[in-house]
Amino acid sequence: MGVRTDGSKELITLAEGLRELTESWADLLRDCRQRGMRDPELVVGDGAIGL
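Position numbers for residues count from 1 along each chain, tracking the sequence in the order it is written. Two thresholds apply to this predicted model, a pLDDT of at least 70 for residue-level local features and 80 or more for giving and counting side-chain atom pairs, whereas whole-chain, interface and lining totals are computed over all residues. By convention in this description, side-chain values take in all heavy atoms of the structure and omit both hydrogens and water.

Colleague: How would you sum up the layout of surface pockets? Please name residues and give values.
Modeller: Of the voids in this model, the largest pocket is the one considered here, and its volume is about 1,200 Å³. Along the wall of the largest pocket there are 33 residues; nearest its centre are Met 1, Gly 2, Ile 12, Met 37 and Pro 40. Counting from the N terminus, the helices are the DSSP runs of H or I reaching at least four residues and the strands are the DSSP runs of E reaching at least two. Contributions of two or more residues to the lining of the largest pocket are made by β1 (2–3) and α1 (22–34). Element by element, the count of residues in the lining of the largest pocket is highest for α1, at six residues. Lys, Arg, Asp and Glu make up the charged group, whereas Ala, Val, Leu, Ile, Met, Phe, Trp, Tyr, Cys and Pro make up the nonpolar group; the residues left over, Gly among them, are polar. Classifying every residue of the lining of the largest pocket gives 17 nonpolar, seven polar and nine charged. Note on definitions: the grid is 1 Å and covers protein atoms alone; a cavity is a set of points where a 1.4 Å probe fits but cannot get out; a pocket is an open set with protein on both sides within 12 Å along at least five of seven lines; lining residues have an atom within 4 Å of a point. Grid points are joined across faces, edges and corners, and a volume is the space filled by probe spheres set on the points.

Below is the structure:
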């Protein structure tokens, strides 16, 4: 999920991955980049070790 500067929420992506693996997070972020996402301002995760 992402939050725009106006406070509205938007689903950025949904992907299947292998738990907390670094490569799963890297694949997800590479996909977002290829689809035009710029660098995030902030990332918060709940136990997202791979991130």
